Amino acid sequence: MMAAPESPAVVLRPSSEVLVGLGADVGAAARLVVQWFATLSEGHLDEAWAMMERTGSYYLLRQRKTISIADFTAVMSGLVGTTFAGPIVWSLGAVTAQDGRVSVVAGSKVPLTKGGYYENLYHFLFRVEDGLIREGYEFADTFVSAQTFAAPPGEG
């Protein structure tokens, strides 16, 4: 029996570099999402949140739930300085857009206040409407995030 071919490595580049390299043929939805990641990476949270429709929804795989974008932005803002010692720096791989939907392969790296870094690999799906991110779906390696953020059994 023949072995399955190996998957090519995911190639990630800094979100700001991806933004600068976007061609003129890239649609507004994809440009907005790449700009969102670049803005987050620079630590400009309020500017990034302004790119999102606050009444929209955001799905989190590890928690297996959908929350409002308003709640998502509040939670993420609250992590800076308490859990995160700086902004999440995003690197992007494939960005695919169709009919207001934008799919992104992304990697994160953020220093933790307790020391070390949190790094993960993600697949995101966004729905952009009227120039704002209205829906976000975040799929990451739940094992890595649980190891970093979940309280050990009996401690939470």
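In short, a report on the structure.

Criteria and thresholds
Residues numbered from 1 in each chain as written. Predicted model: local features only at pLDDT ≥ 70, side-chain atom pairs only at ≥ 80, totals over all residues. Heavy atoms only, no water. Pairing = 2+ DSSP bridges. Helix = DSSP H or I, 4+ residues; strand = E, 2+ residues; numbered from the N terminus. Contact = heavy atoms within 4.5 Å. Axes fitted to C-alpha atoms, helices over the stretch in contact; angles between N-to-C directions. Core = buried A, V, L, I, M, F, W, Y, C linked by side-chain atoms within 4.5 Å. Buried < 20%, exposed > 50% of the residue type's maximum accessible area, 1.4 Å probe, protein only.

### What to know about the sheet that holds strand β6 (residues 117-129)
Spatial ordering of the open sheet is given by β1-β4-β5-β6-β7-β2-β3, a layout of seven strands whose pairing is mixed. The open sheet terminates on both sides in strands that have one partner only, identified here as β1 (13-14) and β3 (65-68). Where strand β2 (residues 52-60) and strand β7 (residues 132-140) come together, five bridges link them in parallel fashion. Within β7, the position partnered with Leu 60 by the bridge is Glu 138. Contacting β2, β4 (89-98), β5 (101-111), β6 and β7, helix α2 (residues 28-41) runs over the sheet at an angle of about 170° to β4. Helix α4 (residues 69-79) contacts β2, β3 and β7 of the sheet and is inclined by roughly 75° relative to β2.

### Describing the nonpolar core
If you look at the biggest cluster of nonpolar residues, it comprises 38 residues, and the most contacted ones within it are Trp 36, Phe 37 and Phe 124. The greatest single-element share of this core, amounting to nine residues, is contributed by α2. The residues contacting Trp 36, other than those within four sequence positions of it, are Ala 48, Trp 49, Met 51, Met 52, Phe 72, Phe 126 and Ile 133.

### Regarding unusual backbone geometry
The phi dihedral of Arg 64 falls on the positive side, at around 55°, and the residue is not glycine. The exposure class of Arg 64 is exposed, given its relative accessible area of 56%.

Note that all results are geometric; they support no functional claim without further evidence.
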